[in-house]
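Architecture at a glance
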Amino acid sequence: MRVCVAGLRSRRFAVAVLAFFVFEGLWIACSAVYPMAFDEDFHFGLIKFYSHHWLPFLSQQPQNTSQFGAVSSDPSYLYHYLMSFPYRIIGLFTHSQMVQVIVLRFMNVGLFTLGLALFYRLLRRVGSSRLLANGALAMFVLVPIVPLLAATINYDNLLFPLVAWTCLLVVRINERLAKQKIDLRALATLCIVCMLSCLVKYAFLPIALAAAAFVAVQAWRAFRGHGHQLREAVRRNYRFIPRRATLALLGLFVLAGGLFVQRYGLNVAAYHTPLPDCDAVLNVGECMSYSPWARNYYYKQQKGDFDDSALHYTWQWVQGMHYRIFFMITGPGGDYANDQPMPLPSAAALILTVTSTVALACYWRQVFAGRSALAFLLLTAVLYGVVLWVTNYKDFTATGQPVAINGRYFLVVLFPLAAVYGRALAVALRQWAALRVGVIVVALLCFLQGGGVASFILRSDGSWDWPAPVVVHANNAARRVLDPLVIEGDSHY
């Protein structure tokens, strides 16, 4: 038992988990036929589009791009623009779409792995024990849609490490403010990262708001009534920043600010909203080529009487989020059909969430005592979740259908929640050290029952595989090995 606990607490365990995650991602990247779910064809298509443009600025909607929506006003473009450069390099050596897709998938796995390493560092930085951080990391990589998303060409894979970096910067700034000191370099970097992250995906906006609000409140608390001390702290810190670093940060700030204003600012000026709807930019005929918009348009036309109660919808929303974090979705050969979650991982996650929420409600004073960074992480997760719920609910009331309830949207705040919930459970079980270890061990054993890449292997069939004999044989062999070892439950949905 001691050896098991020592292993769970070791640094080597975290490294092994990251290595296993890379294996998961590469397995799916090499196995799954293009296009995978999670809009892979949409993102790959935009990467190919931007590969013909050296600059991302678009004065008007380019021809033959309406299937991507209002490209000229879409603020979520930076991932596609940046990924277009590796795509151009790959194109110099091969015109095989299969090779291009797999290489880009490998890069996405690398981005997501970087995010995992940064989030792990965040957990340790905010005071999580190595046992908790290792357990959270292991459970996260065993969430079924995590390796599936990481192996997909998707802008969420760049957003993931950017959210972790933002949280780390805020924690660093907060630590300095607690000592009545200012870290100008971290503040400038935070502003730059936030503006660029909003251009990767507009869903980062509430996270940027949470970061800005928390830093502002903490600065006010540290220097309220002592403006001269604030000025002196800024002046003192500025002297220690090398001139080259100052110029570099200033240049990056101007660049990020210019790109941010070019999309969000011009959208507000032209359309009175930072996120204009497709038909505000293009005509209805063109927008009908954009499948999410066309889906909502048809739903609106067919909408009849329905229960639009917020309480009723919230229950649907919570169920849908849980289901779509642990389910498995087929590829184009299976018409993107849904397969039920593996029973043990999904049940373990549900039990952990409920018990941790109860523990947080009961011991919130002890949880946050002396740990203001945890308050920021909870604020980030709650604000992000509320904005996501409001957006989904508005779509529901407009269409009469619960559209766009996607579990992958919530992955970016699972680690912040793990830090808070893990601390809550640790406080609740502070007198039972063996029980704390037992909770993590049992949860991991449940997640190993079909979590991660095992869900992909066991729920998939030949229609998911690249048409290559080695891929088919490898997946079939893996299915034969895993099938007798995993409690699968019902796979039909």
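Structure: above.
Here goes a summary of the coordinates provided. (Residues numbered from 1 in each chain as written. Predicted model: local features only at pLDDT ≥ 70, side-chain atom pairs only at ≥ 80, totals over all residues. Heavy atoms only, no water.)

With that out of the way, let us pick up the overall build of the protein chain. The helix and strand tally for the protein chain stands at 22 helices and two strands. Radius of gyration (C-alpha) of the protein chain: 23 Å, near the 23 Å computed for a compact globule of 493 residues. In terms of principal-axis extent, the alpha carbons of the protein chain reach across some 65 × 65 × 55 Å. The buried share of the protein chain, taken over its 493 residues, is 51%. Put simply, of all contacts in the protein chain between residues at least 6 apart along the chain, 80% involve residues at least 24 apart. (Helix = DSSP H or I, 4+ residues; strand = E, 2+ residues; numbered from the N terminus. Rg over C-alpha atoms; globule rule 2.2 N^0.38 Å. Buried < 20%, exposed > 50% of the residue type's maximum accessible area, 1.4 Å probe, protein only. Contact = heavy atoms within 4.5 Å.)

Let us look at the packing of aromatic side chains. All told, the structure shown has 33 aromatic pairs when counted by the stated rule. Both rings, one in Y393 and one in F396, keep their centres 6.3 Å apart while their planes meet at 35°; by these two values the pair is tilted. Taken together, the positions of Y393 and F396, both in helix α18 (residues 372-399) and three residues apart, correspond to about one turn of that helix. Summarising the burial analysis for this pair, Y393 and F396 share the class buried. Cluster of aromatic residues (ring-pair linked, three or more members): F21, F112, F119, F140, F160 and F415. Positioned above the aromatic ring of W220 is the side chain of R224, whose terminal nitrogen or guanidinium carbon lies 5.0 Å from the ring centre. Above the plane of the ring of Y77 lies R263, whose end atom (NZ or CZ) is 4.2 Å from the centre. (Phe/Tyr/Trp six-rings, centres within 6.5 Å; stacked < 30°, edge-to-face > 60°. Lys NZ or Arg CZ within 6 Å of the ring centre and 35° of its normal.)

Attention now moves to the pattern of salt bridges. Under the criterion given, the structure shown has ten salt bridges. Across the pair R408 and D156 runs a salt bridge, and its minimum N-O distance is 3.8 Å. Residue R408 is located in the loop between α18 and α19 (414-428), and its partner D156 is located in helix α8 (residues 156-178); the two are separated by 252 residues in the primary sequence. Just as R408 is buried, D156 falls in that class too. In this structure, D465 and R479 form a salt bridge, with 3.8 Å as the shortest nitrogen-oxygen distance. One end of the pair, D465, is in the loop between α21 (453-459) and α22 (469-482); the other, R479, is in helix α22, with 14 residues separating them in the sequence. Each member of the pair, D465 together with R479, is buried. (Salt bridge = Lys/Arg side-chain N within 4 Å of Asp/Glu carboxyl O.)

Before going further, it helps to examine the environment of A373. Position of A373 relative to the elements: it lies in helix α18. What makes A373 buried here is its relative accessible area of 12%. Taking C-alpha positions, A373 is 8.5 Å from E175, a pair spaced 198 residues apart along the chain. For A373, the residues in contact, after removing those within four places along its chain, are V126, V171 and N174.

With an omega of -5°, the peptide bond between Y34 and P35 qualifies as cis. When you line up the elements, P35 lands in the loop between α2 (11-31) and α3 (40-50). For F38, which is not glycine, the phi torsion reads 70° and is therefore positive. Turning to its location among the elements, F38 is positioned in the loop between α2 and α3.

Another point: the nonpolar core. A general tendency of soluble globular proteins is for nonpolar side chains to be buried together. Grouped together as the largest cluster of nonpolar side chains are 146 residues, with contacts concentrated most on F112, L116 and L377. At 13 residues, α8 tops the list of elements feeding residues into this core. Excluding residues that lie within four positions of it along the chain, L377 makes contacts with L122, V126, C167, P416, A419 and V420. If you look at the next biggest cluster of nonpolar residues, it comprises five residues, including A70, C278, C287 and W293. (Core = buried A, V, L, I, M, F, W, Y, C linked by side-chain atoms within 4.5 Å.)

Here the focus is the state of the cysteines. A full pass over the atoms with the stated rule returns one disulfide. The disulfide bridge from C278 ends at C287, spanning 2.2 Å between sulfur atoms. Its S-S torsion of approximately -100° makes the covalent link between C278 and C287 left-handed. On the basis of relative accessibility, which here comes to 5%, the residue C278 falls in the buried class. C287 sits in the buried class, given a relative accessible area of 0%. Sulfur of C167: no disulfide; nearest cysteine sulfur belongs to C194 and is 9.4 Å away. (Disulfide = S-S within 2.5 Å.)

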